[in-house]
Amino acid sequence: SRVVESVRDSLSLARRFATVTCRHFPTAVPALAALFASMGFLAACASSEPTPPPPEPQPQVVDPPPAPEPVDPLLVPPDGRVRVALLVPLTGPAQDAGKALLNAAQLALFDQADDNFELLVEDTWGTPEGARAAANRAVDQGAQLLLGPLFGASAPAVAAVASQHGIQAISFSNNRSVAAPSLFVMGVLPDAQVARVVDYASRQGLQRFAVFAPRTAYGELAVAALTETAEKTGAEVTKIVTYDPAGSDVAAQAQVLADYQVRRADLQQRRAELEAVGDEASKAALKRLEILDTLGPPNFDALLLPAGGSQLLSVAPLLPYYDVDASEIQFLGTSQWQDPAAMAEPSIQGGWFAAPPLASWDAFRLRYAGAYGDPNPPRIAALGYDGTALAAVLANRATSGGASVAAVRVFQPQDLTDPDGFAGVDGIFRFGDDGVVQRGLAVLKVSTQGPELLEEAPTDFDQALF
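Reading the values: rules and limits
Residues numbered from 1 in each chain as written. Predicted model: local features only at pLDDT ≥ 70, side-chain atom pairs only at ≥ 80, totals over all residues. Heavy atoms only, no water. Helix = DSSP H or I, 4+ residues; strand = E, 2+ residues; numbered from the N terminus. Buried < 20%, exposed > 50% of the residue type's maximum accessible area, 1.4 Å probe, protein only. Contact = heavy atoms within 4.5 Å. Salt bridge = Lys/Arg side-chain N within 4 Å of Asp/Glu carboxyl O. Pairing = 2+ DSSP bridges. Axes fitted to C-alpha atoms, helices over the stretch in contact; angles between N-to-C directions. Parallel < 35°, antiparallel > 145°, perpendicular 65-115°, else oblique. Left-handed = near helix turned anticlockwise from the far one by under 90°. Nonpolar A, V, L, I, M, F, W, Y, C, P; charged D, E, K, R; others polar. 1 Å grid on protein atoms, 1.4 Å probe; cavity = no way out; pocket = protein on both sides within 12 Å on 5 of 7 lines; lining within 4 Å. Points joined across faces, edges and corners; volume = space filled by probe spheres on them. Core = buried A, V, L, I, M, F, W, Y, C linked by side-chain atoms within 4.5 Å. Phe/Tyr/Trp six-rings, centres within 6.5 Å; stacked < 30°, edge-to-face > 60°.

1. Topic: the overall build of the protein chain
Phase 1: Secondary structure summary: the protein chain contains 17 helices and 15 strands in total.
Phase 2: Taking all 466 residues of the protein chain together, 45% fall into the buried category.
Phase 3: Pairs at least 24 apart in sequence give 65% of the contacts found in the protein chain among residues at least 6 apart.

Written out as structure tokens, the structure is:
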């Protein structure tokens with residue numbers, strides 16, 4: 001009985017020790033479990049709950065600051081200055097055109113801008129990559145309108161930057177296909193020129209048209225415009241011939257245009273017929289045929305030559321050689337003919353072409369010569385003046401209404417597409433909802449004394465022909 005009582009006392013003491021240990025020294029539990037495993041104390045430890053650790057301090061919840069209100073890029077900034085960027089090639093192969101655009105823009109600043117108008121000039125290097133970099137630099141300086149680039153190939157890069165920043169760009173390109181929601185096309189479009197001169201020719205009684213065009217985007221536009229305008233006026237396109245402007249097939253294609261071999265064969269057959277008759281009248285007719293290479297005219301009354309520069313000077317002289325002569329066929333062209341070399345080319349004397357009006361260009365040219373010493377600036381310079389003058393006029397219009405500067409928005413799309421349009425060096429112009437320029441053009445005649453006016457450019461858009 002003493003043994004049993006001793007064991008009971010030992011068990012009671014062990015339980016109390018184990019309970020205290022499990023509660024106050026929880027890290028000792030595994031070791032004690034091994035020690036007391038044979039004495040049935042694991043259950044006592046397992047069923048005993050350890051004292052939980054004190055709660056960790058929780059981080060204080062702070063509401064994030066409110067997001068800043070988006071800045072409207074068309075609002076005049078607090079300093080009251082309206083900033084416009086001119087993106088032109090000032091280095092590279094097209095630097096002469098770029099510098100002429102810049103010179104003309106500076107004349108427009110003097111004429112139209114107030115003291116709060118700032119022109120930011122950026123060099124595009126004449127490449128898409130350079131144009132994108134120039135546009136980004138301009139936007140970083142706060143430009144609210146981009147004037148440029150010059151080339152259609154660079155226009156998508158500038159349009160992307162303008163779209164990203166919620167502003168507009170006005171390209172000097174004459175490629176209507178690059179127009180975009182954020183980019184307007186301001187150049188003098190070749191298809192508009194073709195439409196104008198073909199419409200004029202049809203009103204003079206010419207009804208059969210042909211075209212000899214380079215296989216280029218410019219040539220394709222000219223062909224399409226001729227076909228569309230002829231359909232509208234009831235005229236007929238009887239011949240469409242194209243050539244590789246960089247190839248050796250121009251002479252062969254000129255023969256195709258002229259139907260030279262067919263007309264030459266007709267002449268030989270006629271001679272044979274007259275020789276077979278042999279009377280005096282036939283002999284006289286044969287005498288008259290001696291100076292001819294072909295018989296009969298081509299199957300068209302007017303011929304469109306949408307080319308300029310060295311290309312025009314290499315193509316045009318071939319045509320009289322194959323009996324397509326300006327004395328019998330009315331030659332038609334575009335504003336590319338408006339240069340001294342074309343005016344002196346004998347084979348296109350008397351030809352008609354469409355271009356911006358002469359009077360305003362002549363006045364601008366005199367001012368340009370007085371300012372920069374160059375009496376013959378490139379025709380593209382007019383776009384630099386008109387684009388900058390347009391920006392200055394819109395800025396003046398927006399900021400002259402008496403509203404606080406913070407409430408004034410400039411260069412909104414609806415401002416640029418004003419249906420009343422604008423007047424500049426290149427005559428009246430406006431932008432359609434598609435972003436493509438519409439112009440009033442004159443019809444001119446080639447002469448060695450310079451272009452002669454045949455029909456004035458319209459002075460308002462009720463008269464304009466596109």
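2. Observations regarding the pattern of salt bridges
Phase 1: Per the stated rule, a full pass over the model turns up 17 salt bridges.
Phase 2: Asp72 serves as the salt-bridge partner of Arg409, at 2.6 Å between the closest nitrogen and oxygen. Here Arg409 is found in the loop between helix H16 (381-399) and helix H17 (413-416), whereas its partner Asp72 is found in the loop between helix H3 (42-47) and strand S1 (82-88), with 337 residues between them in sequence.
Phase 3: A salt bridge links Glu455 to Arg196; its shortest N-O distance comes to 2.7 Å. Of this pair, Glu455 sits in strand S15 (residues 452-455) while Arg196 sits in helix H7 (residues 190-203), placing them 259 residues apart in sequence.

3. A few points about the sheet that holds strand S11 (residues 422-424)
Phase 1: Spatially, the three strands line up as an open sheet ordered S11-S12-S13, and their pairing is antiparallel. One side of each edge strand has no neighbouring strand; the edge strands of this open sheet are S11 and strand S13 (437-439). Sheet twist, expressed as the mean angle between neighbouring strand axes with direction ignored, is 35°.
Phase 2: The strands touched by H16 are S11, strand S12 (427-431) and S13; relative to S11, the strand with the most contacts, the crossing angle is about 140°.

4. Some words on helix H6 (residues 155-165)
Phase 1: Of the residues making up H6, those classed as buried are Ala155, Ala157, Val158, Ala159, Val161 and Ala162.
Phase 2: Residues of H6 that are buried make contact with S1, helix H5 (128-140), strand S3 (145-147), strand S4 (168-171) and strand S5 (183-185).

5. As for the packing of H5 against H6
The relative placement of two packed helices is expressed as an angle between their axes plus a distance between the axes.
Phase 1: Interhelical geometry of H5 versus H6 gives an angle of 25° and a closest axis separation of 8 Å. Taken together, the axis directions place H5 and H6 in an arrangement best described as roughly parallel. The interaxial crossing formed by H5 with H6 has right-handed handedness. Facing H5, whose interface residues are Pro128, Ala131, Arg132, Ala135, Asn136 and Val139, H6 presents Ala157, Val158, Val161 and His165.
Phase 2: Looking at the contact of H5 with H6 residue by residue, the class counts come to seven nonpolar, two polar and one charged.

6. Details of empty space enclosed by the protein
Phase 1: Counted under the stated rule, the structure contains one cavity of 30 Å³ or more.
Phase 2: One number sums up the size of the largest cavity: a volume of about 30 Å³.
Phase 3: Lining the largest cavity, in full, are Gly187, Val188, Leu189, Ala192, Val437, Arg439 and Leu441.
Phase 4: Looking at the lining of the largest cavity residue by residue, the class counts come to five nonpolar, one polar and one charged.

7. Points about the nonpolar core
One broad rule of soluble globular proteins: the nonpolar side chains tend to lie buried together.
Phase 1: Counting 55 residues, the largest nonpolar core has Leu146, Ile170, Phe172 and Phe411 as the members making the most contacts within it.
Phase 2: Residue contacts for Phe411: discarding those within four places in its chain leaves Leu74, Val82, Val84, Gln144, Leu145, Gln168, Ala391, Leu394 and Ala395.
Phase 3: Counting 32 residues, the second-largest nonpolar core is a separate cluster that includes Tyr243, Ala254, Val315 and Val324.

8. A word on the packing of aromatic side chains
Phase 1: A full pass over the atoms with the stated rule returns twelve aromatic pairs.
Phase 2: Here the aromatic rings of Tyr200 and Trp352 are separated by 5.2 Å at their centres, their planes lie at 75°, and the arrangement is edge-to-face. On the criterion of sequence distance, the pair formed by Tyr200 in helix H7 and Trp352 in strand S10 (residues 352-355) is long-range, its members being 152 residues apart.
Phase 3: With a centroid separation of 5.1 Å and 75° between ring planes, the pair formed by Tyr260 and Tyr322 is classed as edge-to-face.

9. Section: the packing of helix H4 (residues 95-112) against helix H15 (residues 358-372)
Phase 1: At a minimum axis separation of 11 Å, H4 and H15 run at an interaxial angle of 100°. By the angle class used here, H4 and H15 are roughly perpendicular. Of H15, the residues touching H4 (which contributes Ala100, Asn103, Ala104, Gln106, Leu107, Phe110 and Asp111) are Phe364, Arg367, Tyr368, Ala371 and Tyr372.
Phase 2: Residue composition of the contact of H4 with H15, by class: eight nonpolar, two polar and two charged.

10. Points about unusual backbone geometry
Phase 1: Residue Pro149 is bonded to the preceding Gly148 through a cis peptide linkage, with omega at 5°.
Phase 2: With respect to the helices and strands, Pro149 occurs in the loop between S3 and H6.
Phase 3: You will see that Asp259, though not glycine, has its phi angle at about 50°, which is positive.
Phase 4: Structurally, Asp259 is set in the loop between helix H9 (250-258) and helix H10 (260-277).
Phase 5: You will see that Phe411, though not glycine, has its phi angle at about 60°, which is positive.
Phase 6: Within the fold, Phe411 resides in the loop between H16 and H17.
Phase 7: Of the residues examined, Phe411 reaches a relative accessible area of 1% and is grouped as buried.

11. Some details on the layout of surface pockets
Phase 1: If you add up the space inside the largest pocket, you get close to 1000 Å³.
Phase 2: Around the largest pocket sit 34 residues that line it, and Ser335, Gln336, Gln338, Arg379 and Ile380 are the ones nearest its centre.
Phase 3: At four residues, H15 tops the list of elements feeding residues into the lining of the largest pocket.
Phase 4: Across the lining of the largest pocket, the residue classes tally to 16 nonpolar, 13 polar and five charged.

12. Quick look at the sheet that holds strand S14 (residues 442-445)
Phase 1: Read across the sheet, seven strands follow the order S7-S6-S8-S9-S10-S14-S15 without closing on themselves; strand pairing throughout is mixed. Strands with a single pairing partner mark the edges of an open sheet, and in this sheet they are strand S7 (236-243) and S15. Ignoring which end each strand starts from, the neighbouring axes of this sheet average 30° apart.
Phase 2: Sheet analysis places strand S6 (residues 208-214) next to strand S8 (residues 302-304), joined by three bridges and oriented parallel. Residue pairing in the sheet places Val211 in a bridge with Leu304 of S8.
Phase 3: This element, H7, spans S6, S8, strand S9 (330-333), S10, S14 and S15 of the sheet and lies at about 135° to S10.
Phase 4: Each of S6, S7 and S8 touches H9; the most contacted strand, S7, lies at about 165° to it.

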